[in-house]
Amino acid sequence: MTDPLNSTALRPRTRPNRARALVQSFIGGRALWAVVTAALSSLGNLLLSLTVARLAPIDDLGRFALAFSLYVLVTGLSRTVVTEAVLAEAAAQPANRPAVTAGSRRVAAVGVGCAVPLLAAGIIDRSGYLILAGIALPGLLLHDYARNVDVGVGRPRPPCAREAVWTVLTALAALLGLTNVVGPSVVFGLWAGSGALLGCATAVLNGHQVRPGWRMDRAGSRASASYGLQFLLTAGSAQLALTALGVTAGMAVVGSLSAGRTLLGPATLLVGGASPLVIPHLARLRVATGSARRRDAARVTIALLLATAPACLFVLLLPDRVGEAVLGDNWRHAEPLLWLLALEVLLGGVAMVGFAGHRVQGAARRALLLGGALGVLRVPVVVASAVAWGAVGAAVALALMGLISAAAWWASYLQITSGSRDGGVHAGTRGPAGTPQTAAGTAGRGPTLSAPSVSGSS
């Protein structure tokens, strides 16, 4: 008679399917909801840009591009100055509701403070886009704040639902515009107004305070101001360059660049969407040898180029009739710039991998200095080229800055990973918490993936 216990012991053990468990945990966790939320936001913005690019004259398109660029700039500034600090406090104390409430007041203060110059500029330039953006700005920032805080503290489904509602409303506004029921400025107003109303309603329902206020000690205020300045010098330099173009070279130049970038929007989204995936991928090898990390970063770059290049090539090969169907009369302004703007997108992906390598290595000071130098260089180069040669000159300058940025980030990354046999991180030495200890080449800083280590000083 067979012993059941022995038969069980002799039965081969099945190894757990780790890949399936990883996929299930990803699908069931907040990561998928965060990705869907970001995708819905990008889809809504793309629908807005395509609609305005199809309907607006080239000068009007430039005014839209300037208003949207300033909205992006202020949103990034609000995230850097307020939201990241709130998320850091919420991570340490998940039930710290006063910090979230105080953060909403600071966001409202940033929104009102930035809305005043937008409204003034809109009145002076007689730009309805700037006026509408200024009116809606505080509500739009509250919407962005609630979304990022909810995702960050583990409540990703409500912001995903709100983003879906905003995307549907944007699609309805785009439909009204494409059927000639309303003009492009009204489409923009419906987009901005619906987002602002969602932001205000969310703040009220969540118990956040919407009355502007700061309530932060002097040290915290100094840190916020420092992070904000660093953002403006690095990531915000692209929006600052576009603003300077509108003032110096005219709205037609801004509109031409915006039309071309609108067509290349899907390729740009690929590069932006790859960033959250590249950083954790490179982090898996941050304790490996420098040569192994360089090879892995090169493979990631090649894979990103292989994914992005077909999207760019598709736009470059568009027949005139298709381009005119998408952009209308603005196609003739965008077509000469497409190959230069496509080159900027491709080089932006290369630079992004190099920057991600700095972030993984914890090279905060180096990344800040290099990013600040590139940001300060970008504005005068692009503006001078636009003033001298118009939209084509601006596109040439953007492609050239893309090349300089890619070369600079990669040269710096190669230098970091060539500093010693294992690139400055000793694979076999770990601290008490299991984090790698750094060699002298990294000035005693452990590798980190946190945003403050990139945007802040060491």
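One can find the structure itself at the top, above this paragraph.
Conventions and cut-offs
Residues numbered from 1 in each chain as written. Predicted model: local features only at pLDDT ≥ 70, side-chain atom pairs only at ≥ 80, totals over all residues. Heavy atoms only, no water. Helix = DSSP H or I, 4+ residues; strand = E, 2+ residues; numbered from the N terminus. Buried < 20%, exposed > 50% of the residue type's maximum accessible area, 1.4 Å probe, protein only. Contact = heavy atoms within 4.5 Å. Areas by Shrake-Rupley, 256 points an atom, 1.4 Å probe, with all protein chains shown as cover. 1 Å grid on protein atoms, 1.4 Å probe; cavity = no way out; pocket = protein on both sides within 12 Å on 5 of 7 lines; lining within 4 Å. Points joined across faces, edges and corners; volume = space filled by probe spheres on them. Phe/Tyr/Trp six-rings, centres within 6.5 Å; stacked < 30°, edge-to-face > 60°. Lys NZ or Arg CZ within 6 Å of the ring centre and 35° of its normal. Core = buried A, V, L, I, M, F, W, Y, C linked by side-chain atoms within 4.5 Å. Salt bridge = Lys/Arg side-chain N within 4 Å of Asp/Glu carboxyl O. Axes fitted to C-alpha atoms, helices over the stretch in contact; angles between N-to-C directions. Parallel < 35°, antiparallel > 145°, perpendicular 65-115°, else oblique. Left-handed = near helix turned anticlockwise from the far one by under 90°. Nonpolar A, V, L, I, M, F, W, Y, C, P; charged D, E, K, R; others polar.

Novice: Help me understand the overall build of the protein in this model?
Specialist: From N to C terminus, the protein includes 18 helices and 2 strands. Within the protein, buried positions represent 47% of all 458 residues. When contacts within the protein are restricted to residue pairs at least 6 apart in sequence, long-range pairs at least 24 apart make up 79% of them. With the model as given, the accessible surface of the protein reaches about 21,800 Å², and the carbon-plus-sulfur share is 67%.

Novice: Could you clarify how one ought to interpret empty space enclosed by the protein in this entry?
Specialist: Rolled over the atoms, a probe with the dimensions of a water molecule shows which regions are left empty. Inspection of the entire model under this criterion finds 1 cavity of 30 Å³ or more. Together, Leu40, Ser41, Gly44, Asn45, Glu163, Trp166, Thr167, Thr170 and Trp191 line the largest cavity. Residue assignment for the lining of the largest cavity shows that the elements contributing at least two residues are α3 (30-55) and α7 (157-178).

Novice: What's the story with the packing of aromatic side chains in this structure? I'm lost.
Specialist: Centre-to-centre distance and the angle between the planes together describe a pair of aromatic rings. Under the definition given, this model contains 11 aromatic pairs. Ring plane angle 45° and centroid distance 5.6 Å describe the contact between Phe68 and Trp191, whose orientation is recorded as tilted. Remark: Trp191 occurs in helix α8 (residues 184-205) and Phe68 occurs in helix α4 (residues 58-92); sequence separation between them is 123 residues. Trp191 shares its class with Phe68; the two are buried. With 5.3 Å between their ring centres and 85° between their planes, Tyr71 and Trp191 make a pair best called edge-to-face. With Tyr71 in helix α4 and Trp191 in helix α8, the pair connects residues that are 120 residues apart, well separated along the chain. Counting every residue linked through ring pairs, the aromatic cluster contains Phe64, Phe68, Tyr71, Tyr129, Trp166, Phe188 and Trp191. Residue placement shows Arg106 over the ring face of Trp214; its charged tip is 5.9 Å from the ring centre.

Novice: Would you mind going over the nonpolar core with me for this structure?
Specialist: Soluble, globular proteins show a tendency: their nonpolar side chains are buried together. One finds Trp191, Leu245 and Leu257 to be the most contacted residues of the largest nonpolar core, which totals 99 residues. With 16 residues, the single largest contributor to this core is helix α17 (residues 364-417). For Leu245, the residues in contact, after removing those within four places along its chain, are Gly250, Val254, Leu257, Val382, Val383, Ala386 and Ala394.

Novice: What is the right way to read the pattern of salt bridges from this model?
Specialist: Pairs can form between side chains of opposite charge whenever their charged atoms are close. Under the defined criterion, the tally for this structure stands at 8 salt bridges. With its nearest N and O atoms 2.6 Å apart, the salt bridge here joins Asp144 to Arg79. Of this pair, Asp144 sits in helix α6 (residues 128-152) while Arg79 is found in helix α4, placing the two residues 65 residues apart along the sequence. Taking relative accessible area as the criterion, Arg79 reaches 30% and is therefore assigned partly exposed. Between Glu163 and Arg147 there is a salt bridge, and its shortest N-O distance comes to 3.1 Å. With Glu163 in helix α7 and Arg147 in helix α6, this pair connects stretches of sequence that are 16 residues apart.

Novice: Can you help me understand the packing of α7 against α8 in this one?
Specialist: In a packed pair of helices, the relevant descriptors are the angle between the two axes and the axis-to-axis distance. Remark: α7 packs on α8, axes separated minimally by 9 Å, with the N-to-C direction vectors making an angle of 160°. When the axes of α7 and α8 are compared, the pair comes out roughly antiparallel. Crossing handedness for the pair α7 and α8: right-handed. Residue-level inspection shows Arg162, Val165, Trp166, Leu169, Thr170, Ala173, Ala174, Leu176 and Gly177 of α7 in contact with α8, the latter providing Val187, Leu190, Trp191, Ser194, Gly195, Leu198 and Thr202. Considered class by class, the residues forming the contact of α7 with α8 number 10 nonpolar, 5 polar and 1 charged.

Novice: Honestly, the packing of helix α10 (residues 237-248) against α17 in this entry has me stumped. Any pointers?
Specialist: With their axes 9 Å apart at the nearest point, α10 and α17 run at an angle of 40° to one another. By the angle class used here, α10 and α17 are oblique. Between α10 and α17 the crossing geometry is right-handed. Between α10, through Ser237, Ala238, Leu240, Ala241, Ala244, Leu245 and Thr248, and α17, the contact on the second element is made entirely by Gly375, Arg378, Val379, Val382, Val383, Ala386, Val387 and Ala394.

Read these as geometric descriptors, not functional statements.
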